[in-house]
Protein chains: 2
Amino acid sequence: MNIKDAGKRVGLPPKTIRYYEDIGLVTPDRANNGYRDFSDAHLHKLTFLARARSLGFSIDDCRDLLALWEDQDRASGDVRAIAKEHLAAIEAKIAGLQDMRATLADLVQSCAGDARPDCPIIENLQRG
Amino acid sequence: MNIKDAGKRVGLPPKTIRYYEDIGLVTPDRANNGYRDFSDAHLHKLTFLARARSLGFSIDDCRDLLALWEDQDRASGDVRAIAKEHLAAIEAKIAGLQDMRATLADLVQSCAGDARPDCPIIENLQRG
DNA sequence: ATAGACCTTCCAGTTACAGTAAGGTCAAAG
DNA sequence: CTTTGACCTTACTGTAACTGGAAGGTCTAT
């Protein structure tokens, strides 16, 4: 299967799939004309990657997860450890964003937002 | 004032300040020896930038906010519009992360995390 | 034969810096 | 007077994970 159709199947743009090949995540076969040729196994792997990326795992995480996925003797504890760490990172990010949101929401709410120059948002920013 | 002390004052690493000069956000004076020389006005501007960045505004947003800050005839509505858009982006990001968190938390919770290979996390990933 | 939809590789750009190298400057100590 | 160490300078590279574009080859249908 050519790259465009493969991309449609797994939900990734061709560009991204080529990138994944560049960095060694997948290695599709090549047809005689030089076109990439994706087998079911490749598609399966790409689907795995797409899903992991959509859950916010980094490429490096994905590399580790792929290795575990392919290791029939893996310990589920290893997988869980990666997921837990990622979960903690996500929660930290959420907390940071929620702080920002609270402050911003206050500021937006307190600003008249009309033609006059007086602006609590600007004032807050300049006070540091 | 030299760059290191300026950085300490406003809470930004020297590298970041040089970068901000590179992209035209600040233009400190230069002493005879070529060292950057920061006035109170520069420090004030940098403080403004540091605060805006800490609220998650992009560099481009900061550029616009700075212009409004320095425009005594600004309309507060213009400031508010930028803040509102940013607020919406943050809220969207939070929502996305919360989705991830929910899914991941479920998976982590459902995985025994021991030495056995059976792993609901891997299974979820491979199903897409 | 040709049009258009694919495919290929390679290079540049994105965000907001951080790291490092090579070298100039300054203040204090020996 | 020199040396040391802390500071400063510019310039180049690398980061994450792609995206866009150029130049050119291939395939299919008309």
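Keep in mind that what you see is a predicted model, and the values were worked out from it rather than measured.

1. What about the protein's contact with DNA strand C?
Lining the immediate surroundings of DNA strand C are 19 residues, of which Arg36 of chain A together with Lys15, Tyr20, Tyr35 and Arg53 of chain B lie closest. Backbone atoms, meaning sugar and phosphate, make up 74% of the atoms of DNA strand C lying within 4 Å of the protein. Here a phosphate oxygen of DNA strand C sits 2.9 Å away from a polar atom, N or O, in the side chain of Arg18 of chain A. Between a base nitrogen of DNA strand C and a side-chain N or O atom of Tyr35 of chain B, the distance comes to 2.9 Å. Contributing elements (two or more residues each) for the surface near DNA strand C: helix 1 (3-10) and helix 2 (14-22) of chain A together with helix 2 (14-22) of chain B. The dominant element in the surface near DNA strand C, judged by the number of residues it contributes, is helix 2 of chain B, at four residues. For the surface near DNA strand C, the residue count by class is seven nonpolar, five polar and seven charged.

2. Quick notes on the interface of chain B and chain A
The interface is formed by 51 residues belonging to chain B together with 52 residues belonging to chain A. With both sides pooled, the region where chain B packs onto chain A buries about 4500 Å², and carbon together with sulfur makes up 73% of that total. Looking at the side of chain B facing chain A, the largest losses of area belong to Leu104, Ile122 and Leu125 of chain B, adding up to 14% of the total buried there. The interface formed by chain B and chain A holds zero salt bridges in total. For the interface between chain B and chain A, the tally reads 18 residue pairs in polar contact (both at pLDDT 80 or more). Elements that contribute at least two residues to the side of chain B that touches chain A include exactly helix 3 (40-54), helix 4 (59-70), helix 5 (76-110) and helix 6 (120-127) of chain B.

3. Topic: the domain arrangement of chain A
Looking at chain A, the domain boundaries give domain 1 (1-57) and domain 2 (75-128). Look at where the C-alpha atoms of domain 1 of chain A and domain 2 of chain A centre, and you get two points 35 Å apart.

4. What to know about the nonpolar core
In this structure, Leu46 and Phe57 of chain A together with Leu46 and Phe57 of chain B are the most contacted members of the largest nonpolar core, which totals 78 residues. Setting aside residues up to four positions removed in sequence, Phe57 of chain B forms contacts with Leu104 of chain A together with Ala52, Cys62, Leu65, Ile82, Ala83 and His86 of chain B.

5. Let's talk about the protein's contact with DNA strand D
Contacts to DNA strand D come from 19 residues, most closely from Lys15, Thr16, Tyr20 and Arg53 of chain A together with Arg36 of chain B. Counting only atoms of DNA strand D within 4 Å of the protein, the fraction found in sugar and phosphate groups is 71%. A distance of 2.7 Å separates a phosphate oxygen of DNA strand D from a polar atom in the side chain of Tyr20 of chain A. Between DNA strand D and the protein, one listed contact pairs a phosphate oxygen with a side-chain N or O atom of Arg36 of chain B at 2.7 Å. A total of four residues in the surface near DNA strand D trace back to one element, the largest contributor, which is helix 2 of chain A. For the surface near DNA strand D, a count of residues per class yields seven nonpolar, five polar and seven charged.

Reading the values: the criteria
- Residues numbered from 1 in each chain as written.
- Chains lettered and ligands numbered in written order.
- Predicted model: local features only at pLDDT ≥ 70, side-chain atom pairs only at ≥ 80, totals over all residues.
- Heavy atoms only, no water.
- Near = heavy atom within 4 Å.
- Polar contact = N/O pair within 3.5 Å; in protein donor to acceptor, adjacent residues only side chain to side chain.
- Helix = DSSP H or I, 4+ residues; strand = E, 2+ residues; numbered from the N terminus.
- Nonpolar A, V, L, I, M, F, W, Y, C, P; charged D, E, K, R; others polar.
- Contact = heavy atoms within 4.5 Å.
- Buried area = accessible area lost by both parts, 1.4 Å probe.
- Salt bridge = Lys/Arg side-chain N within 4 Å of Asp/Glu carboxyl O.
- Domains from an automatic or database assignment.
- Core = buried A, V, L, I, M, F, W, Y, C linked by side-chain atoms within 4.5 Å.
- Buried < 20%, exposed > 50% of the residue type's maximum accessible area, 1.4 Å probe, protein only.

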